[in-house]
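# Architecture at a glance
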Amino acid sequence: MSAAPAYSEDKGGSAGPGEPEYGHDPASGGIFSSDYKRHDDLKEMLDTNKDSLKLEAMKRIVAMIARGKNASDLFPAVVKNVACKNIEVKKLVYVYLVRYAEEQQDLALLSISTFQRGLKDPNQLIRASALRVLSSIRVPIIVPIMMLAIKEAASDMSPYVRKTAAHAIPKLYSLDSDQKDQLIEVIEKLLADKTTLVAGSVVMAFEEVCPERIDLIHKNYRKLCNLLIDVEEWGQVVIISMLTRYARTQFLSPTQNESLLEENPEKAFYGSEEDEAKGTGSEAAASTAVPARKPYVMDPDHRLLLRNTKPLLQSRSAAVVMAVAQLYFHLAPKAEVGVIAKALVRLLRSHSEVQYVVLQNVATMSIKRRGMFEPYLKSFYIRSTDPTQIKILKLEVLTNLANETNIPTVLREFQTYIRSMDKDFVAATIQAIGRCATNIGRVRDTCLNGLVQLLSNRDELVVAESVVVIKKLLQMQPAQHGEIIKHLAKLTDNIQVPMARASILWLIGEYCEHVPRIAPDVLRKMAKSFTAEEDIVKLQVINLAAKLYLTNSKQTKLLTQYVLSLAKYDQNYDIRDRARFTRQLIVPSEQGGALSRHAKKLFLAPKPAPVLESSFKDRDHFQLGSLSHLLNAKATGYQELPDWPEEAPDPSVRNVEVPEWTKCSNREKRKEKEKPFYSDSEGESGPTESADSDPESESESDSKSSSESGSGESSSESNNKDQDEDEEKGRSSESEHSEEEGKKRKMKKRKKEPEGQEGGSSSEEGSDSSSSSSESEMTSETEEEQAEPASWRKKTPPSSRSAPAAKEISLLDLEDFTPPSVQPVSPPMVVSTSLAADLEGLTLTDSPLVPSLLSPVLGVGRQELLHRVAGEGLVVDYTFSRQPFSGDPHMVSVHIHFSNSSDTPIKGLHVGTPKLPAGISIQEFPEIESLAPGESATAVMGINFCDSTQAANFQLCTQTRQFYVSIQPPVGELMAPVFMSENEFKKEQGLQGGR
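Residues numbered from 1 in each chain as written. Predicted model: local features only at pLDDT ≥ 70, side-chain atom pairs only at ≥ 80, totals over all residues. Heavy atoms only, no water.

Which entries qualify depends on this criterion: UniProt positions are given in the numbering used here, feature names are shortened, and annotations may be inferred rather than shown by experiment.
As recorded by an unreviewed UniProt entry, the protein chain carries the name AP-3 complex subunit beta and is attributed to Phocoena sinus. According to its UniProt record, the protein chain has this under Subcellular location (unreviewed entry): "Endomembrane system". Under the UniProt heading Sequence similarities (unreviewed entry), the note attached to the protein chain is "Belongs to the adaptor complexes large subunit family."

In C-alpha cells:
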C-alpha cells in the first residue's frame, strides 16, 4: 500500500483524503473494493493497539465467513489477538479459530499455549471460552491436552466451567473414541455434582458416551430427580429421557397385575387364592389358574420420579411437557396417565410445528388410552386455518376417539369437512368415515348411505375416494347391498381415477352373482378401452373376465378370449404373465386339465373383509417424542426403550451412605423430627420414603435406612438449600445438647410417633396428629402432592418446647392452621404474640393477657440470601424477627446472618447502593470490618416495604466483590399484632362497613 491509513477511535469515522475507506463499497458489490486490499486493511486493523479497530475488524471477518467468503489467509493475524484483553474481541477470535482450525492445523497448534493460559484465567468466562475453543479444534494431536483440560475443568470451582467441561466430553469422544474409559471417569465425577447448571450437560454427555453404563446413575438417581425442577429446560428434556430408560430397567411394570387380569378375564382375581386354600392338587386346575404373583407395590423411587416430574407439565417449554408426557405414558399406572391429557391439549394452541409433533404423539396415545382424551374431544375439531398435515392428524385423533356415545357429533363434523376446498383433507375425511363405519357397527349403514350420496359429487377425487371406501365396507355385508354395486357399475363411464375404476371392477367380479346382467356389459365396455387403461385397471379387467368365464361362460367366453389376447401383447410384463397364467388356468387343455378343475376355488374363494386400522397402531414400539416415532422408522442414534424386568433389581444400589463428618452429633434431635419426605437431593441419605407407597413398603424402606437417612427435602427445593438446612439442623442440635434428661426421654417417645407431629405439641395433640397422619397416609396421591414441603414446616424454638399446651400459630402457616384446643392459661407459661390475640377471645373476662407472658416470636426459619458457591465462600441467610425496627417503626426488622466458609478472611462487609422500587427504603447495617474463616456474625437492618410484596434489591459488598441479592417478604411478615379484648373487637367490627 502506498500510504498507511489513518485510524479513528470512532467506529463510524471516515478516513482522510487519499486513505482507504473502511466501509461498504457500493460499486464493488462487496464489503471492500477488492479481496487483496480488503485483507490487507483488515490485517493492519488487527495489528493496531486500539481495541475498537480490532473489534470492527473481527466483526467484518466474521461477516465475511457468514457470507461464504474465504478468510483463511487472515489466520496468523487473528491468532495474535487471542491474548487481547477485550472480551468481545476475544469471543470473535474464538469463533474464527473454531471455523478454520481444522483446515490449518499447523497454525492452530500455535495458539494452544494461549488457550492453556486462558484455562488458568481468574475470569470464569475466559476459562470456559478457552475450553470451548480448545475442544472444538478437531486436531487429533492435541487429544491429550484436551483430556487434561477437561479433567481440570471438571474440578473447577465455577459451575459454568464444569458445565463447559461436560459439553466438551462428547466432542473429544467423537474425535478419539479410545479415550472412553478416561471420559467415563470424568462423567462419573460430574454426575456427583450438586449444581443444577451441570446436571443436564453431564447427562447429555453420559447419553453420548456410555448410555449402557446404567450403574453410574444408581447413586445419583434421587439427586437428579430432586434437582430436575430447577434444571434449565434443555437439561430437563435430556434428564427425563434418560430417567425413562433407567426406570424401565430398574422398576416393575405398574400395569403387570392389570395385564394379568386382562389375559384371564373369566377367572376371578381372588378365585385363585380360594382354590389354593382348598388344596386342589389337580394338574389341570393348576394349569388354568392365574399364575401366582405378589401384589404390586410401587417402588418409592419410582414414585419419586413420577411425583417430581408432574409439576413440569405446567412448563412453558413444549419439549419439557412432551418429555413428561412420554414418561408418564411409558412408566405411570393407567389410573395416573390421564394427568398428561390437559397439558398436551394446551400445547395445541402453539405454533403449527409444535402441534404437528404433539398430534403425532396424541394419535399414538389415543389408540391405547382412548378415555384419556375423550373429555377434550372438541379441542381436536379442525379449523379452516389449520395446515393440511394438522387437519389430517386431528382427523386421526377424532377417529380414534369415536365411540357409540359421541359418534353422532363426530359424523356431523365430518359432514362439514367434506365441503372443504382442500382435496387431500376431503379424501382423508372419507377414509375416516369408513373407519368409523368399520369400528362402530350401528352407524355402518348410515355411513354407507352418506358415501353413496358422495358418488354424485362434482369432484372426481371425492367420488374416487368414496368408491374405494365403499368397496371395503361392502365386503362386510355384500348380499345386502346389491343395489349399491349396480350403482357403482354405472359409474365406470364417468370415473377416470385408476384406483376407483379398479375398485369397481373388483367389486363386480367378486359379487358377479348379485349383478348377473350388468357384469357382462361392464366387461364389454372395458374390453373396448383395454389398451388405454392404466396397469392397475388392466389387471382387474383380466380378473373380471376370468370370474365371468367361470360363472357365465356362455355370454362371456368370446369376450374373455379377446381380453386375454390383448393382454398377451401388452408392454407390461406383469400383465402379459397374468394373461398367460389365467388362460392356462381357466381354459381346459390336455396339459393343464388337472389344474383347471380347481380354477373356481382359486378365483372365487371367499375373502375376509379388510380391517381398517389406524396408521399409528404399531408406532408405540418407538419411544414417544423421539425422532424415530415421528418418522415411523429407526433414526440414527435411537436407543430402544427397554422392556420391564420380570423381577425388580436390588433397590439398595440407589442408597448412599452418609459420610461420618456430615452426621449430626445429637441423633435424638434428628430422630425427633419428622421422617424424611424423600432422600435429600444431594444423594446423601438412605432409601427414599414415599407417602404414596403402602405402609408395608414404607416400613421396609425405613428399616434399611433409618440409621443413615437425614432430614429429607421436598422435590421442589434446590440443592443449595439442602446444605443450609443440614448446617442449621446441626447448630440447633448442638444448642439442645445441654437440656434436661427428662426432655430427652420425651424426645425418644416422639421418635416413635408418626410423621407430621410437632415437637412442641402436648400429649393430647400428639395423639390427634398421630391419628391424622395415619389417615393422611391412606389418602389419594393428589392430596399428598398438595402437602407442604419439609422446609416450610414450622421449627419450634427451644424456649417454646417447655410449654406443652402452647401451639405456635403464625400468618405464614395458614394453610395447615387448625384451631388449638381450649386449655386454661397457666401463669408460668410463655405465650407467643400471634397466639395471644386468638386466646384473648376465648377468656370469660375483658381483661387482656398479662404483658409479662408475652415474648417475641422468632422467624419461621432462615432463608438463603447468598449461597456459598455464588458468594465464593460467603454464606448469607436472613430471618424476619417479627419485631418493629428500632430506628423506624414503619420498617420491618430483618436479621442478616453471615458465615465465612472459605479459607481466607472476608473484609469490609457492607450494603452497596440499593436499586429500590418507588416507596421502598432500607436502613443499612453497620459495616463488618472482618470475618475470619469459620466465623459467623449477625447484623440487623430495617426495610420499609411500603405495604407491598415487592422485592428489595441491594448489593452486599466486600473489599473485592459485589453480590446482588434480593429480599421479598411474605404477606404475613408485613403485619403487626394488635391486642384488644373481645368487646373491643366486636366494637371495631361493628364500625366496619359491608358484610
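After that view, the rundown keeps rolling.
### Section: the overall build of the protein chain
So the rule is basically this: Put simply, DSSP marks the helices as runs of H or I at least four residues long and the strands as runs of E at least two long, and each gets a number from the N terminus on. Note on exposure labels: buried denotes an accessible area under 20% of the residue type's maximum, exposed denotes more than 50%, and partly exposed covers the range between, all computed with a 1.4 Å probe on protein chains only. Note on contacts: a residue pair qualifies if any of its non-hydrogen atoms lie within 4.5 Å across the two residues.
Helix and strand content of the protein chain: 45 helices and 11 strands. Looking at the protein chain as a whole, 48% of its 995 residues are labelled buried. Contacts in the protein chain between residues far apart in sequence, at least 24 positions, make up 66% of those at least 6 positions apart.

### Points about unusual backbone geometry
The backbone of N632 sits at a positive phi, close to 60°, despite the residue not being glycine. As for its placement among the helices and strands, N632 is situated in the loop between helix 37 (627-631) and helix 38 (667-672). Relative accessible area serves as the criterion here: at 36%, N632 is assigned to the partly exposed category. Phi at E872 takes a positive value of approximately 55°, unusual for a residue other than glycine. Within the secondary structure, E872 sits in the loop between strand 3 (863-866) and strand 4 (874-884). The class for E872 is partly exposed, based on a relative accessible area of 47%.

### Quick look at the environment of L252
You can see L252 is positioned in the loop between helix 14 (233-250) and helix 15 (256-263). Distance from L252 to E647, taken between C-alpha atoms, is 6.8 Å for residues 395 residues apart in sequence. Filtering out sequence-adjacent residues up to four positions away, L252 remains in contact with Y296, H302, W644, P645, E646, E647 and A648.

### What about the packing of aromatic side chains?
Basically, it comes down to this: By convention, a stacked pair of Phe, Tyr or Trp rings (six-membered ring in the case of Trp) has centres within 6.5 Å and planes under 30 degrees apart, an edge-to-face pair has planes over 60 apart, and any other such pair is tilted. Two conditions define a charge sitting above a ring: the NZ of Lys or the CZ of Arg must be within 6 Å of the ring centre, and it must be within 35 degrees of the ring normal.
If you walk through the whole model with that rule in mind, you get 12 aromatic pairs. Among the aromatic side chains, those forming a connected cluster through ring pairs are F75, Y96 and Y100. The lysine or arginine in question, R369, covers the ring of F329, its NZ or CZ lying 5.2 Å from the ring centre.

### With respect to the packing of helix 30 (residues 498-510) against helix 32 (residues 535-551)
Two quantities define a packed helix pair, namely the angle between the axes and the distance from one axis to the other. Rules: Axes here mean lines fitted to C-alpha atoms, for a helix over just the part in contact, with angles spanning 0 to 180 degrees between N-to-C directions. Under this scheme an angle from 65 to 115 degrees is roughly perpendicular, one under 35 degrees roughly parallel, and one over 145 degrees roughly antiparallel; angles in between are oblique. By the convention adopted, Pro, Cys, Tyr, Trp, Phe, Met, Ile, Leu, Val and Ala count as nonpolar, Lys, Arg, Asp and Glu as charged, and the other residues, Gly among them, as polar.
At a minimum axis separation of 9 Å, helix 30 and helix 32 run at an interaxial angle of 10°. The orientation of helix 30 relative to helix 32 falls into the category roughly parallel. Listed contacts from helix 32 to P498, M499, R501, A502, L505, W506, I508, G509 and E510 of helix 30 are I536, V537, Q540, V541, L544 and K547. Partitioning the contact of helix 30 with helix 32 into residue classes produces 10 nonpolar, two polar and three charged.

### Some words on the sheet that holds strand 6 (residues 906-911)
Threshold: Paired strands, as defined in this entry, are two strands with at least two bridges between them according to DSSP.
Strand order in the open sheet formed by four strands is 8-6-10-11, with antiparallel pairing between adjacent strands. What marks the edges here is a single partner per strand, and that holds for strand 8 (928-931) and strand 11 (962-967). The mean inter-strand angle of the sheet, taken between neighbouring strand axes irrespective of direction, is 30°. Bridge count for strand 10 (residues 952-957) against strand 11 is six bridges, and the pairing is antiparallel. Within the sheet, the bridge partner assigned to L956 lies in strand 11 and is F963.

### Notes on the nonpolar core
The nonpolar side chains of a soluble globular protein tend to be buried, and buried together. Keep this limit in mind: Grouping buried Ala, Val, Leu, Ile, Met, Phe, Trp, Tyr and Cys residues that are joined through side-chain atoms within 4.5 Å yields what is termed a nonpolar core.
The biggest cluster of nonpolar side chains holds 198 residues, and the ones touching the most others in it are Y96, L344, M365, F380, F414 and L488. Looking at this core, the element that brings in the most residues is helix 19 (residues 318-331), giving 10 residues. With near-sequence residues (within four places) excluded, F380 lies in contact with V345, L348, L359, V362, F373, K394, V397, L398 and L401. In terms of nonpolar packing, the next biggest core, distinct from the first, is built from 29 residues, F880, I920, A939 and F945 among them.

### A few points about the packing of helix 29 (residues 482-489) against helix 30
Worth spelling out the cut-off: By convention the crossing between two helices is left-handed if the near helix lies anticlockwise of the far one by an angle smaller than a right angle, and right-handed if it lies clockwise.
In contact at an axis separation of 10 Å, helix 29 and helix 30 are set at 135° when each is read in the N-to-C sense. With respect to each other, helix 29 and helix 30 are oriented oblique. Here the hand of the crossing between helix 29 and helix 30 comes out left-handed. Judged by residue contacts, I485, L488 and A489 of helix 29 engage I504, L507 and I508 from helix 30. Per-class residue counts for the contact of helix 29 with helix 30 are six nonpolar, no polar and no charged.

### Quick notes on the pairing of strand 10
Strand 10 sits mainly inside the fold: five of its six residues count as buried. If you look at the hairpin formed by strand 10 and strand 11, you'll find four residues sitting between the two strands.

### As for the confidence of the model for the protein chain
The test is simple: Per-residue confidence from the predictor is given as pLDDT, running between 0 and 100.
Chain-level pLDDT for the protein chain is 74 on average; 71% of the residues reach the 70-or-more range. Overall, residues 661-859 carries pLDDT values under 50, and its contacts beyond four positions in sequence, including any with other chains, amount to 267 contacts.

### Brief notes about the pattern of salt bridges
Filter applied, for reference: A carboxyl oxygen of Asp or Glu within 4 Å of a side-chain nitrogen of Lys or Arg is what we treat as a salt bridge.
Using the criterion set out here, one finds 26 salt bridges in the structure. Residue D156 pairs with R127 through a salt bridge whose shortest N-O separation is 2.9 Å. Placement of the pair is D156 in the loop between helix 8 (143-154) and helix 9 (159-175) and R127 in helix 7 (residues 124-136), with a sequence separation of 29 residues. Of the two residues, D156 and R127, neither departs from the other in class, the shared state being buried. Taking the shortest distance from any N to any O, the salt bridge between D299 and R654 comes out at 3.6 Å. In this pair, D299 is assigned in the loop between helix 17 (283-288) and helix 18 (300-309) and R654 in the loop between helix 37 and helix 38, connecting sequence segments 355 residues apart. Considered together, D299 and R654 belong to a single accessibility category, that of buried residues. A network of salt bridges, in which partner residues are shared, links R222, D299, D301 and R654.

### Side note on the sheet that holds strand 4
What holds strands together in a sheet is hydrogen bonding between their backbones, with the strands either parallel or antiparallel. An order of 3-4-5-9-7 is seen for the five strands of this open sheet, with the pairing classed as antiparallel. This sheet does not close on itself; its edge strands, each paired only once, are strand 3 and strand 7 (921-923). Recorded for the sheet is a direction-independent mean angle of 35° between the axes of neighbouring strands. Judged from the three bridges that link them, strand 7 and strand 9 (residues 936-944) form a sheet pairing that is antiparallel. By the bridge assignment, I922 is partnered in strand 9 with I943.

### Details of the environment of A952
Looking at the element boundaries, A952 is found in strand 10. Given a relative accessible area of 0%, A952 falls into the buried group. A C-alpha to C-alpha distance of 8.5 Å links A952 and V965, two positions 13 residues apart in sequence. For A952, the contacting residues outside a window of four places in its chain are L916, I920, I922, I943, F945, V965, S966 and I967.

### Considering helix 21 (residues 339-347)
Listed as buried for helix 21 are I340, A341, A343, L344, V345 and L347. Next to the buried residues of helix 21 lie helix 19, helix 20 (334-337), helix 22 (352-368) and helix 23 (370-373).

### Concerning the side chain of R162
What counts, and what does not: A 3.5 Å cut-off defines polar contacts: any pair of N or O atoms within that distance qualifies, except that in protein one atom must be a possible hydrogen donor and the other a possible acceptor, and neighbouring residues in sequence count only when both atoms are side-chain atoms.
Following the sequence through the fold, R162 ends up in helix 9. Within the structure, R162 has its side chain in polar contact with the side chain of D193 (distance 2.4 Å). There is a polar contact of 3.0 Å between the side chain of R162 and the side chain of T195. Ignoring sequence-local partners within four residues, the contact set of R162 consists of A153, A154, D156, M157, L190, D193, T195 and V198.

### Some words on the pairing of strand 6
Consecutive side chains of a regular strand alternate in pointing toward one face of the sheet and then the other. The pairing of strand 6 with strand 8 spans three bridges and is antiparallel. The residue of strand 8 that forms the bridge with I906 is L931. Relative to strand 10, strand 6 is paired through two bridges, and the arrangement is antiparallel. Across the sheet, residue H910 finds its bridge partner in strand 10, namely C957.

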